[in-house]
Amino acid sequence: MSPAPSAEFFERAVLAIARENGARTAAAELPAILRRLPCGGAEGRQTADVSFSSAGPGAVRFSVNDSLRRGALGTFAPWLEKSLGAGYDLKAVSEFLKLGKALKGGFQTTAALEWPAGLVVPVLKLYLEEAPGLGSAFADRGFRGRVRALAGGGRGVKAAPAPEIIALDLFPGGATDLKLYFRRDSLPAAGLTRQQRAAMRSLDREARGFYYEMKRLSCGGSKIYKVYEPGCAGDPAAAVAEICALYAKLGLPRGVGFVSSCLKLARRAGLRLLPTLCGAGVSSGGKLKVDSYFRFVK
């Protein structure tokens with residue numbers, strides 16, 4: 001795992017991205033939140049990323065995780081609960097974080113904030129992700145039952161295969177959405193729209209990687225992601241190029257501009273920009289939605 005940049009650089013980078021994308025509300029709120037991010041510790045293993053969504057070019061999103069150190073996010077997630085509290089389902093947050101404490105295997109916790117274009121307050125996203133190579137704690141029958149309860153019945157929580165990531169989205173109006181992520185070594189044969197499949201197939205310059213198929217339990221729908229880490233960590237050029245080519249092909253110059261801005265920020269700070277994910281989903285209006293995620297590393 002490549003070490004993360006300093007917290008000061010990440011704060012500057014996220015604020016610059018927010019301002020460039022016209023996310024004025026996020027830019028005003030972010031400094032106080034970013035300064036509460038826990039430090040990476042002596043080993044510098046905490047990781048964070050930023051992303052661009054074609055569905056909301058005026059949006060800004062960032063996430064931070066504890067890099068497999070089981071709860072090293074410390075008080076960050078509970079602090080977010082309290083500071084963002086008005087309108088959020090804090091009981092669901094509490095129950096979701098208890099799921100992490102119940103896991104016996106290795107896992108990492110991720111907290112993300114996303115300000116969709118035009119919204120004053122963000123969507124809070126929490127993730128529990130299994131450590132690679134360990135037995136699936138998510139396959140435990142009792143654990144799956146707790147996930148079902150949190151999903152209000154969760155018909156999508158099946159016995160097999162077990163997901164590798166469980167996530168909870170919390171919206172400022174009180175709604176929640178539970179999501180499961182399943183690893184796929186190749187594009188699924190079913191369950192994708194023609195648009196999603198075409199977008200994923202165009203990401204053909206970087207052969208290293210695999211896929212996550214995301215299933216929403218609360219409101220339905222799915223999304224497919226190409227996962228780049230850790231395959232292209234040594235040389236990310238092909239991955240960066242194919243993501244930019246996809247945005248260009250779809251007529252989304254702001255996506256290309258986002259990647260270019262991140263590359264400039266990285267170079268000025270003596271860092272590298274690593275793509276982590278590129279996902280294709282479909283909006284409620286039936287339009288293709290492409291999101292890309294990037295990490296700054298030394």
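Structural notes on the pairing of strand β5 (residues 165-170)
Part 1: Counted residue by residue, β5 has six buried out of six residues, so it is predominantly covered.
Part 2: Here β5 shows no split at all, with Ile 165, Ala 167 and Asp 169 on one side and Ile 166, Leu 168 and Leu 170 on the other all buried.
Part 3: Inspection of the sheet shows strand β4 (residues 123-130) paired to β5 by six bridges, in the antiparallel sense. Residue pairing in the sheet places Leu 126 in a bridge with Leu 168 of β5.
Part 4: Here β5 runs beside strand β6 (residues 176-184); their pairing, made up of six bridges, is antiparallel.

Brief notes about the nonpolar core
Part 1: Val 50, Phe 62 and Phe 296 are the most contacted members of the largest nonpolar core, which totals 68 residues.
Part 2: No other element matches the eight residues that helix α1 (residues 7-20) contributes to this core.

Thoughts on the confidence of the model for the protein
Part 1: Averaged over all residues, the pLDDT of the protein is 79; the fraction at 70 or higher stands at 76%.
Part 2: Mean pLDDT across the secondary structure elements of the protein bottoms out at helix α3 (residues 76-83), with 64, and peaks at helix α7 (residues 237-249), with 97.
Part 3: The low-confidence segment residues 40-44, where pLDDT is below 50, has six contacts with residues more than four positions distant or belonging to other chains.

A look at the packing of α1 against helix α8 (residues 253-268)
Part 1: Where α1 contacts α8, the axes come no closer than 11 Å and their chain directions differ by 155°. Taken as axis vectors, α1 and α8 run roughly antiparallel relative to one another. Two packed elements cross with a definite hand, and for α1 against α8 that hand is right-handed. Contacts from Phe 9, Ala 13, Ala 16, Ile 17 and Glu 20 of α1 reach α8 at Arg 254, Phe 258, Ser 261, Cys 262 and Leu 265.
Part 2: For the contact of α1 with α8, the per-class residue count stands at seven nonpolar, one polar and two charged.

Side note on the state of the cysteines
A covalent bond between the sulfur atoms of two cysteines is what we call a disulfide.
Part 1: This structure, assessed with the given rule, holds zero disulfides.
Part 2: Counting only cysteine sulfurs, Cys 244 is the nearest neighbor of Cys 262, a cysteine outside any disulfide, at a range of 9.9 Å.
Part 3: Cys 262 sits in the buried class, given a relative accessible area of 0%.
Part 4: In this model Cys 278 remains outside any disulfide bridge; the closest cysteine sulfur is found in Cys 244, 9.9 Å from its own.

Some thoughts on unusual backbone geometry
Part 1: Here Glu 229 and Pro 230 are connected by a cis peptide whose omega angle stands at -5°.
Part 2: Within the secondary structure, Pro 230 is located in the loop between β8 (222-227) and α7.

Here is what the cut-offs are and how they apply
- Residues numbered from 1 in each chain as written.
- Predicted model: local features only at pLDDT ≥ 70, side-chain atom pairs only at ≥ 80, totals over all residues.
- Heavy atoms only, no water.
- Buried < 20%, exposed > 50% of the residue type's maximum accessible area, 1.4 Å probe, protein only.
- Helix = DSSP H or I, 4+ residues; strand = E, 2+ residues; numbered from the N terminus.
- Pairing = 2+ DSSP bridges.
- Core = buried A, V, L, I, M, F, W, Y, C linked by side-chain atoms within 4.5 Å.
- pLDDT = per-residue confidence, 0-100.
- Contact = heavy atoms within 4.5 Å.
- Axes fitted to C-alpha atoms, helices over the stretch in contact; angles between N-to-C directions.
- Parallel < 35°, antiparallel > 145°, perpendicular 65-115°, else oblique.
- Left-handed = near helix turned anticlockwise from the far one by under 90°.
- Nonpolar A, V, L, I, M, F, W, Y, C, P; charged D, E, K, R; others polar.
- Disulfide = S-S within 2.5 Å.

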